[in-house]
Amino acid sequence: MEDTFKHRGLREQMVNLLRGKGIGDSRVLAAMSAVPRHLFMDTVLEYLAYEDRALPIACGQTISQPSMVAFQSELLDAEPEMKVLEIGTGSGYQTAVLCAMGLKVYTVERQKELYTATKKLLSRLNYNAKCFLGDGYKGLTEVDYGPYDRIIITCGAREVPRQLLRQLKTGGVMVIPVGDETQEMLRIVKMGEKENEFLQQRYGNCNFVPMLDKVNFGG
Ligand code: SAH
């Protein structure tokens, strides 16, 4: 669990690359130069940790590409202390970036194995996100910490989940890739309490693992 001088150097190069790709949000860039991405993957893949690519993690899932993490984090347009709900904890890398941006993070994962391992890793690295095992289509109903200022979905959803829109504050922002095989990145601003009162902006195509319903309790 080491973060060496070499890792930090590679991370600076990665952050420069993100700047070059148009990421300008200084909180996002600072968070990504602080979070040791190589600790969120299998050690055999560590040498690829600071390249701009998605990599495999347990349960056939992926850790998102750094430029995608930066892009979604920037689209959130969040202020420190805001409450953020993340759907698709996965490796916990995006979660850690949100924590490093000073946000209060609630994160939901449907795969038990990932939920358990990532919860442990995040606490070991002192990121105090609240982790939940559940179906992100429903958001967080049983333990209600909402409504949230921001919601970020890191798996491809068939449609914008109504229950998640309900858990977003009025004036709040949701960043979500919507579509089946490939998705379109949407930024949704909730304008009022009625179901159709939202603004939708489109941010191009992307590729995420699918958002599946029902919890996989494993074992
Ligand atoms: N942000 C993560 C992305 C992981 S991939 C990272 O960078 O590591 C997306 C994750 O969403 C997977 O772990 C997958 O199991 C999870 N997922 C898929 N459908 C879900 C659902 N309905 N509720 C919660 N998590 C879900």
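Just so it is clear, the model here is predicted, and its values are computed rather than measured.

*Asks:* How should the environment of Phe40 be read in this particular structure?
*Replies:* On the secondary structure map, Phe40 appears in the loop between helix 2 (26-34) and strand 1 (55-56). With a relative accessible area of 4%, Phe40 lands in the buried category. Each C-alpha atom, one on Phe40 and one on Glu195, is 37 Å from the other, the two residues being 155 residues apart in sequence. The residues touching Phe40, leaving out its near neighbours within four places in the chain, are Val35, Ile57, Ile63, Ser91, Gly92, Tyr93, Ala96, Leu121, Leu122, Leu125 and Tyr127.

*Asks:* What exactly am I supposed to notice about the side chain of Gln61 here?
*Replies:* Inspection of the secondary structure puts Gln61 in the loop between strand 1 and strand 2 (62-63). A polar side-chain atom of Gln61 sits 3.0 Å from the main-chain carbonyl oxygen of Cys59. Among residues more than four places away in sequence, those in contact with Gln61 are Leu55, Pro56, Gln111, Leu114 and Val209.

*Asks:* When you look at the sheet that holds strand 4 (residues 104-109) in this model, what are you seeing that I'm missing?
*Replies:* To summarise the sheet geometry, strands pair through backbone hydrogen bonds and adopt either a parallel or an antiparallel arrangement. Taken together, seven strands build an open sheet; the order of strands is 5-4-3-6-7-8-9 and the sheet is mixed. Strands with a single pairing partner mark the edges of an open sheet, and in this sheet they are strand 5 (130-133) and strand 9 (198-206). On average, each strand axis in the sheet is inclined to that of its neighbour by 15°, with strand direction left out of account. Lying on the sheet, helix 3 (residues 66-76) is in contact with strand 3 (83-87), strand 6 (148-153), strand 7 (168-178), strand 8 (183-190) and strand 9; it crosses strand 7 at an angle near 155°.

*Asks:* Is there a simple way to explain the site of the ligand in this structure?
*Replies:* The local shell around the ligand holds 25 residues, among which Thr62, Ser91, Glu109, Gly136 and Leu212 are the closest. Glu109 places a polar side-chain atom, nitrogen or oxygen, 2.6 Å from an oxygen atom of the ligand. Arg110 places a main-chain nitrogen or oxygen 3.4 Å from a nitrogen atom of the ligand. In the complex, 99% of the free accessible area of the ligand, which totals 580 Å², lies under the protein chains. Mapped by element, the contributors of at least two residues to the shell around the ligand are strand 2, strand 3 and strand 4. Considered class by class, the residues forming the shell around the ligand number nine nonpolar, twelve polar and four charged.

*Asks:* I would appreciate a short explanation of the nonpolar core in the present structure.
*Replies:* Generally speaking, soluble globular proteins have nonpolar side chains that are buried together. Counting 50 residues, the largest nonpolar core has Met32, Phe40, Tyr93, Val97, Leu98, Leu103 and Tyr127 as the members making the most contacts within it. Listing elements by their share of this core, those giving two or more residues are helix 1 (5-20), helix 2, helix 3, helix 4 (93-100), helix 5 (112-124), strand 7 and strand 8. In contact with Met32, other than residues within four places in its own chain, are Arg11, Met14, Val15, Leu18, Pro66, Val69, Ala70, Tyr93 and Val97. Counting 22 residues, the second-largest nonpolar core is a separate cluster that includes Leu85, Tyr137, Val160 and Ile176.

*Asks:* Can you walk me through the packing of aromatic side chains in this structure?
*Replies:* How two aromatic rings sit relative to each other is set out by the distance from centre to centre and by the angle between their planes. A complete count under the given rule lists five aromatic pairs for this structure. Ring geometry for Phe132 and Tyr145: centres 5.8 Å apart, planes at 50°, overall tilted. On the criterion of sequence distance, the pair formed by Phe132 in strand 5 and Tyr145 in the loop between strand 5 and strand 6 is long-range, its members being 13 residues apart. Given a relative accessible area of 28%, Tyr145 falls into the partly exposed group. Among the aromatic side chains, those forming a connected cluster through ring pairs are Tyr106, Phe132, Tyr145 and Tyr148.

Cut-offs used in this document
Residues numbered from 1 in each chain as written. Predicted model: local features only at pLDDT ≥ 70, side-chain atom pairs only at ≥ 80, totals over all residues. Heavy atoms only, no water. Helix = DSSP H or I, 4+ residues; strand = E, 2+ residues; numbered from the N terminus. Buried < 20%, exposed > 50% of the residue type's maximum accessible area, 1.4 Å probe, protein only. Contact = heavy atoms within 4.5 Å. Polar contact = N/O pair within 3.5 Å; in protein donor to acceptor, adjacent residues only side chain to side chain. Pairing = 2+ DSSP bridges. Axes fitted to C-alpha atoms, helices over the stretch in contact; angles between N-to-C directions. Near = heavy atom within 4 Å. Areas by Shrake-Rupley, 256 points an atom, 1.4 Å probe, with all protein chains shown as cover. Nonpolar A, V, L, I, M, F, W, Y, C, P; charged D, E, K, R; others polar. Core = buried A, V, L, I, M, F, W, Y, C linked by side-chain atoms within 4.5 Å. Phe/Tyr/Trp six-rings, centres within 6.5 Å; stacked < 30°, edge-to-face > 60°.

Worth remembering: the numbers are spatial, not functional.
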